[in-house]
Protein chains: 2
Amino acid sequence: MGKAYIAAASMIPFGKYPDRTASDLGREAIGSLLEETGIETSAIEAVYAGRAFSSHIDGQVAVPGQVALAASGICDVPVFNIDNACAACPSALHLATQAIRAGQYEAVMVIGMDKLYATDRRRSMRALFGAMDVEKMAWMSEALDGDGKAGSIFMEHYYARIAREYLKNTGATERDLARIAVKNRKHASLNAVAQYRKPMTEEEVLASPVVAEPLRTLMCSPLTDGAAAFLVCSENAGKTFGLPLVEVAASVVRSGMPQRGTADPVLARASARAFEEASIGPEDVDLAEVHDASAVAEMIAIEEIGLAPAGEAKRLLRDGDTALGGRIPVNSSGGLLSRGHPGAATGAAQLVELVWQLQERGGDRQVEKARVGLAQSSGGLVADEAAATAITILRR
Amino acid sequence: MGKAYIAAASMIPFGKYPDRTASDLGREAIGSLLEETGIETSAIEAVYAGRAFSSHIDGQVAVPGQVALAASGICDVPVFNIDNACAACPSALHLATQAIRAGQYEAVMVIGMDKLYATDRRRSMRALFGAMDVEKMAWMSEALDGDGKAGSIFMEHYYARIAREYLKNTGATERDLARIAVKNRKHASLNAVAQYRKPMTEEEVLASPVVAEPLRTLMCSPLTDGAAAFLVCSENAGKTFGLPLVEVAASVVRSGMPQRGTADPVLARASARAFEEASIGPEDVDLAEVHDASAVAEMIAIEEIGLAPAGEAKRLLRDGDTALGGRIPVNSSGGLLSRGHPGAATGAAQLVELVWQLQERGGDRQVEKARVGLAQSSGGLVADEAAATAITILRR
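Residues numbered from 1 in each chain as written. Chains lettered and ligands numbered in written order. Predicted model: local features only at pLDDT ≥ 70, side-chain atom pairs only at ≥ 80, totals over all residues. Heavy atoms only, no water.

Looking up chain A in an unreviewed UniProt entry gives the name propanoyl-CoA C-acyltransferase, with the organism given as Oceanibacterium hippocampi.

Here is the structure:
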């Protein structure tokens with residue numbers, strides 16, 4: 001098998017775009033990528049577009065990738081629209097990587113685009129709800145149809161519960177959750193494409209409204225729209241582009257094991273497999289982007305991935321190890337909490353951050369001597385396990 | 001590159017399932033496939049699930065494949081949800097085939113599942129509408145929001161127009177369109193899993209209500225729910241299964257060229273590429289399943305694919321060449337017109353029919369000496385060209 005590389009990455013500023021479709025946002029990211037790389041559109045042999053929720057917001061169902069590409073000059077190629085909830089984009093990258101490694105293509109494009117913001121919040125909640133088993137959760141569907149508060153099933157039911165369990169089991173505190181939010185906001189303040197950039201204090205986070213104990217609003221990711229695009233290629237093609245190449249050292253996608261309980265978390269299994277594929281260990285990772293849909297998720301993720309010993313995420317956090325300038329910066333982009341969380345485009349933004357850091361384009365938030373970056377996305381829930389989990393390891 | 005094979009195919013009877021989700025239908029097809037093949041679930045290394053429209057009907061958005069698999073015993077593998085409108089399932093098969101050919105996996109599953117029937121017809125129309133560029137077609141969106149008739153943009157605007165052009169250019173008649181519908185209904189009458197099986201006459205078709213001149217109701221595909229599943233494998237794995245293998249001789253997915261006009265139809269280009277990949281010509285095809293979303297589409301498709309000379313589909317039709325027992329039976333399953341049209345599951349049903357025929361499991365509609373079958377799906381519309389077109393050639 002050959003190797004696959006990311007030659008360039010581009011994303012639009014994340015935020016609320018109530019008047020634009022996801023495909024329109026994708027179009028902008030594609031345009032930026034083509035302009036930045038100067039690549040001929042005829043060199044793009046296939047396109048893999050990750051998208052999950054936006055059809056419930058903008059109505060574009062079946063061919064969002066083709067609509068995004070319609071004016072680009074890229075045509076007459078295979079276009080695949082890939083869903084996997086928030087793991088859709090690394091899933092698309094996985095398929096692109098496999099095709100490049102197999103020698104099927106020399107250069108392809110990966111797109112991530114999605115919308116979770118809607119002026120009617122109920123639409124966002126209904127879209128998110130669709131990432132669970134809608135039959136088994138019919139009671140929630142009925143709640144969404146009613147006139148009550150349009151709450152997030154992920155925050156109020158899933159993350160709040162695991163946050164309570166996690167704090168109880170590890171001795172981490174609500175203030176640690178606030179520390180995560182403050183750290184990631186500080187990172188976002190250095191990132192021009194992040195949604196929320198105004199620094200905040202732990203007191204501000206702890207004073208924000210309770211979503212469900214112990215989670216507060218500022219410990220939960222916002223509803224965001226966004227898009228990103230990547231040029232993925234073989235080493236040979238990469239040389240002709242003259243662009244700084246970042247190797248896709250590992251790309252693992254795994255589903256959960258709903259019928260076997262949660263004794264063996266899918267994230268730990270996927271991570272172990274990714275380290276094996278990259279022939280490295282957790283100690284070799286220089287920076288990580290993890291799926292901090294809520295603050296507690298970052299703490300759990302870095303432990304299950306193996307970046308912190310079990311129960312010790314609080315120690316890394318308090319010591320500043322996971323902040324910029326620390327031993328292993330986590331979510332240097334600002335994370336879902338501050339960079340924003342546009343569903344399928346979230347996994348794309350994580351990869352953009354890693355590519356930029358490994359290309360030494362991190363600007364004020366550049367991680368020194370960054371050689372290896374890891375991204376983790378989890379998408380959907382089936383019987384309390386992530387329906388799709390993706391680990392991507394990039395190396396310069 | 002190695003070769004890829006389909007070892008088994010299974011589908012549920014197509015029809016209206018107003019109380020079931022697409023994932024639930026998929027679950028039944030997966031169960032049938034596992035039962036029929038007796039394969040251990042642990043032998044399945046990855047799953048590619050094609051799905052397009054059902055999220056607008058049943059609310060299941062992001063992870064339909066994982067929900068369908070939840071009780072199957074298949075877990076802890078990569079699961080990819082693939083969209084491409086009506087070409088979603090052959091797109092999923094394409095990705096599966098490439099992975100098997102590259103030696104990445106020995107055995108994977110491909111699923112196709114979708115719903116287009118809704119008790120509120122407006123929901124079906126809105127879902128279908130989403131397969132076009134929703135921004136450029138905003139006027140149609142407004143029409144769907146109004147109180148008027150919930151018409152199909154595909155039938156009333158797209159297919160009716162090209163039918164008028166086709167009849168004018170080729171001398172084919174409205175009666176030829178009726179002949180297509182009658183032929184395919186006769187085929188469906190021999191197919192236990194087809195949605196509509198009662199034979200009909202040309203007079204009945206010509207007396208059915210006008211949708212938009214020259215198309216009448218019985219010349220248009222119905223709104224259908226359905227699901228199918230496939231076991232795709234390498235030659236080595238296939239031998240251990242002891243199942244009759246059907247080779248995926250060609251699997252081509254192509255997008256349209258919206259910015260270049262329609263001088264060079266995407267279907268003709270994709271077909272030429274597929275014949276090259278399979279190292280055969282149109283004359284070697286023993287039977288074909290084509291995307292007869294409307295009767296005229298079958299006539300245009302067999303000409304663009306090269307199964308009939310340009311403008312001559314009417315001659316093959318009138319001579320009985322494309323009927324069962326003829327030189328090249330087309331839509332022996334009953335086609336979209338009578339087997340039914342459940343969006344992404346349609347392409348799956350075409351492949352099921354080819355597999356069954358090539359495995360000599362065609363029963364009363366078995367095509368004699370069937371060695372090579374071709375399936376064509378087209379999905380979505382961007383600027384009047386199919387957003388995704390798939391050609392699959394299977395060979396025993």
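Okay, back to it.
(A) The arrangement of the UniProt feature "domain: Thiolase C-terminal" (unreviewed entry) in chain A in detail. Taken from the UniProt record, the annotation "domain: Thiolase C-terminal" (unreviewed entry) applies to residues 267-387 of chain A. Here residues 267-387 of chain A runs as 40% helix and 14% strand, with 11 Å between its end C-alpha atoms. (UniProt positions renumbered as here; feature names shortened; annotations may be inferred. Helix = DSSP H or I, 4+ residues; strand = E, 2+ residues; numbered from the N terminus.)

(B) Spotlight on the relation of the copies chain A and chain B. Expressed as a screw operation, the relation of chain A to chain B combines 0.0 Å of axial shift with a rotation of 180°, fitting to an RMSD of 0.0 Å. The relationship between the two copies is best expressed as a two-fold rotation axis. Across chain A, the rotation axis passes nearest the C-alpha of Ile82(A), at a separation of 2.4 Å. Of all interface residues in chain A, 100% are interface residues in chain B too; the two copies therefore contact each other through one and the same surface. (Least-squares fit on C-alpha atoms with pLDDT ≥ 70 in both. Contact = heavy atoms within 4.5 Å.)

(C) Broad picture of the side chain of His341(A). All names here are of chain A. Within the fold, His-341 resides in the loop between helix H14 (335-338) and helix H15 (344-358). Residue classification places His-341 among the buried positions, given a relative accessible area of 6%. Among the polar contacts made by the side chain of His-341, one reaches the side chain of Thr-346 at a distance of 2.5 Å. Sequence-distant contacts of His-341, that is, excluding residues within four places in its chain, are made with Cys-86, Leu-116, Ser-221, Pro-222, Thr-224, His-291, Leu-336 and Thr-346. (Buried < 20%, exposed > 50% of the residue type's maximum accessible area, 1.4 Å probe, protein only. Polar contact = N/O pair within 3.5 Å; in protein donor to acceptor, adjacent residues only side chain to side chain.)

(D) Fine view of the interface of chain A and chain B. Contact residues are listed per partner, giving 60 residues for chain A and 60 residues for chain B. Taking both partners together, chain A and chain B bury about 4500 Å²; carbon and sulfur atoms supply 56% of that area. Taken as a group, Val61(A), Asp76(A) and Phe80(A) account for 13% of the area that chain A buries against chain B, more than any other trio of residues on that side. Where chain A packs against chain B, one counts 6 salt bridges. With a closest N to O distance of 2.1 Å, Asp76(A) and Arg269(B) form a salt bridge. Where chain A packs against chain B, one counts 30 residue pairs in polar contact (both at pLDDT 80 or more). Every element with two or more residues in the side of chain A that touches chain B is listed here: helix H1 (22-37), helix H2 (55-58), helix H3 (64-69), strand E3 (79-83), helix H4 (88-101), strand E8 (246-254), strand E10 (372-382) and strand E11 (385-395) of chain A. The leading source of residues in the side of chain A that touches chain B is E3(A), at 5 residues. Taken together, the residues of the side of chain A that touches chain B break down into 29 nonpolar, 20 polar and 11 charged. Examined bridge by bridge, E3(A) and strand E3 (residues 79-83) of chain B share 3 bridges and lie antiparallel to one another. (Buried area = accessible area lost by both parts, 1.4 Å probe. Salt bridge = Lys/Arg side-chain N within 4 Å of Asp/Glu carboxyl O. Nonpolar A, V, L, I, M, F, W, Y, C, P; charged D, E, K, R; others polar. Pairing = 2+ DSSP bridges.)

(E) Region of the structure containing the domain arrangement of chain A. All names here are of chain A. What the domain assignment lists for chain A is domain 1 (5-118 + 225-248) and domain 2 (147-221 + 252-395). The interface of domain 1 with domain 2 comprises 40 residues on the first partner and 35 residues on the second. Carbon and sulfur atoms supply 69% of the area that domain 1 and domain 2 bury against each other, a total of about 2700 Å² over both sides. If you sort the residues of domain 1 by the area they bury against domain 2, Met-11, Phe-14 and Cys-86 come out on top, with a joint share of 24%. Counting across the interface, domain 1 meets domain 2 through 3 salt bridges. Close ionic contact of Glu-36 with Arg-361 constitutes a salt bridge, the shortest N to O distance being 2.9 Å. Where domain 1 packs against domain 2, one counts 8 residue pairs in polar contact (both at pLDDT 80 or more). Elements with a minimum of two residues in the side of domain 1 that touches domain 2: strand E1 (5-11), H4, strand E4 (107-115), strand E7 (225-233) and E8. The element best represented in the side of domain 1 that touches domain 2 is H4, accounting for 7 residues. Looking at the side of domain 1 that touches domain 2, its residues break down into 25 nonpolar, 8 polar and 7 charged. (Domains from an automatic or database assignment.)

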